[in-house]
Amino acid sequence: MPVNVRPGLAIFVRKSLKVLGDGGFRGYDGGAPIGAEYGGRATGSCQWVEAQITETSKATIVNVHGLWQKGTNKSDTPERLIQSKILQNFLHSKGDKKILCGDFNLKPDSKSIEIFEQDMTNLVKKSGAVSTRSSHYTKLEKFADYVFVSQDIEVKHFEVLSDDVSDHLPFLLEFK
C-alpha cells in the first residue's frame, strides 16, 4: 500500500434511520502489530454508529478491521485476545441492541472469536457458511469475516453473498 494512501472503514446508514451517535477507536492500542509495513495503520481499527431502528428501539453497530499479523495464519495471539476484550468491553458499555461485524482476521475456532460467542450469536457460524472469502483469495484459510448480534436482535434474514467484489464476500443482514 502506498504511504500516501490512508485505508479506512465505512458504515452506510439508510436515510430513513436517525443516527444518534458515531465514533471510532483503536481495537488494539499496544502499538503497531507485527505484520506488513502498513499493518499498524491499516488494521486494528473500529468504528461504530448508534441508530434509531424503531420509535422505541436503537442499535449500536460496530465495524472492525482486526489486526493482521504476518505468519500467524489468523490464529490467536496475545494482541488479538486483547483486541477482542477491548471490543467486548465497548459492547458491554452499550445497553441497547448490538451488531459487531467486519474482517476480524481470525479463524472460526479461535479463543478471540469465542469471547464474542459468550453473549452474542455468530451468524456466519449459524448460517453454515463454508467461506467468507471470494475466489480472489487463494490461501487455504476461508474465514476472516464475521457478524455477531446480541440476543435482543431479531434476525429476519442473514446470508453470505457470492458476489466476487473483493477477496472478502459481502454479507446481507436484515434485522429489527
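Residues numbered from 1 in each chain as written. Predicted model: local features only at pLDDT ≥ 70, side-chain atom pairs only at ≥ 80, totals over all residues. Heavy atoms only, no water.

Peer 1: Help me understand the confidence of the model for the protein chain, please; the structure alone is not making it clear to me.
Peer 2: Caution is warranted with low-pLDDT regions, since their predicted coordinates should not be read in detail. Counting all residues, the mean pLDDT for the protein chain is 87, and 88% of those residues have values of 70 or more. Within the model, the stretch residues 33–41 combines pLDDT values under 50 with 19 contacts to residues more than four positions away or in other chains. (pLDDT = per-residue confidence, 0-100. Contact = heavy atoms within 4.5 Å.)

Peer 1: Would you mind going over the side chain of Gln69 with me for this structure?
Peer 2: Tracing the backbone through its elements, the reader meets Gln69 in the loop between β3 (57–65) and α2 (78–92). For Gln69, a relative accessible area of 4% gives the class buried. A distance of 2.6 Å separates polar atoms of two side chains, one belonging to Gln69 and the other to Thr77. A polar contact of 3.2 Å, which involves the side chain of Gln69, links it to the side chain of Glu79. (Helix = DSSP H or I, 4+ residues; strand = E, 2+ residues; numbered from the N terminus. Buried < 20%, exposed > 50% of the residue type's maximum accessible area, 1.4 Å probe, protein only. Polar contact = N/O pair within 3.5 Å; in protein donor to acceptor, adjacent residues only side chain to side chain.)

Peer 1: Can you help me understand the nonpolar core in this one?
Peer 2: Within soluble globular proteins, side chains that are nonpolar tend to cluster in buried spots. Val62, Leu87, Leu100, Phe104 and Phe148 are the most contacted members of the largest nonpolar core, which has 28 residues in total. Only β2 (45–54), β3, α2, β4 (97–103), α3 (111–117), α4 (123–127), β6 (145–150) and β7 (155–160) provide two or more residues apiece to this core. Among the elements that take part in this core, β6 stands out by supplying four residues, more than any other. Leu87 has contacts with Phe25, Cys46, Val62, Val64, Leu100, Phe104 and Phe116, leaving out every residue within four places of it along the chain. (Core = buried A, V, L, I, M, F, W, Y, C linked by side-chain atoms within 4.5 Å.)

Peer 1: I'm lost on the sheet that holds strand β5 (residues 120–122) in this one. Help?
Peer 2: Strands belonging to one sheet form pairs held by backbone hydrogen bonds; the direction of such a pair is parallel or antiparallel. Strands sit in the order β1-β2-β3-β4-β6-β5 across an open sheet of six strands; the sheet is mixed. Every other strand in the sheet has two partners, leaving β1 (18–26) and β5 as the edge strands with one partner each. Recorded for the sheet is a direction-independent mean angle of 20 degrees between the axes of neighbouring strands. The pairing of β4 with β6 spans five bridges and is antiparallel. If you follow Gly102 over to β6, its bridge partner there is Tyr146. Helix-sheet contacts for α2 involve β1, β2, β3, β4 and β5, and the interaxial angle to β3 is about 165 degrees. (Pairing = 2+ DSSP bridges. Axes fitted to C-alpha atoms, helices over the stretch in contact; angles between N-to-C directions.)

Peer 1: Looking at this structure, how should I read the environment of Glu159?
Peer 2: The residue Glu159 is located in strand β7 in this model. Apart from residues lying up to four places away in sequence, Glu159 is in contact with Pro170, Phe171 and Leu172. For Glu159, the side chain forms a polar contact with the side chain of His157, separated by 2.9 Å.

Peer 1: Whenever I open this one, the pattern of salt bridges confuses me. Can you help?
Peer 2: Close approach of charged atoms allows side chains of opposite charge to pair. Inspection of the entire model under this criterion finds three salt bridges. In this structure, the salt-bridge partner of Lys58 is Glu50, at a minimum N-O distance of 3.7 Å. Note on Glu50: relative accessible area 12%, which makes it buried. (Salt bridge = Lys/Arg side-chain N within 4 Å of Asp/Glu carboxyl O.)

Peer 1: Looking at this structure, I do not really get α2. What am I missing?
Peer 2: In this model α2 runs 21 Å from its N-terminal to its C-terminal C-alpha over 15 residues, within 8% of the 21 Å that 1.5 Å per residue would give. Of the residues making up α2, those classed as buried are Glu79, Arg80, Gln83, Ser84, Leu87, Gln88, Phe90 and Leu91. Residues of α2 that are buried in the fold lie against β1, β2, β3, β4, α3 and β5. (Expected span 1.5 Å × (residues − 1).)

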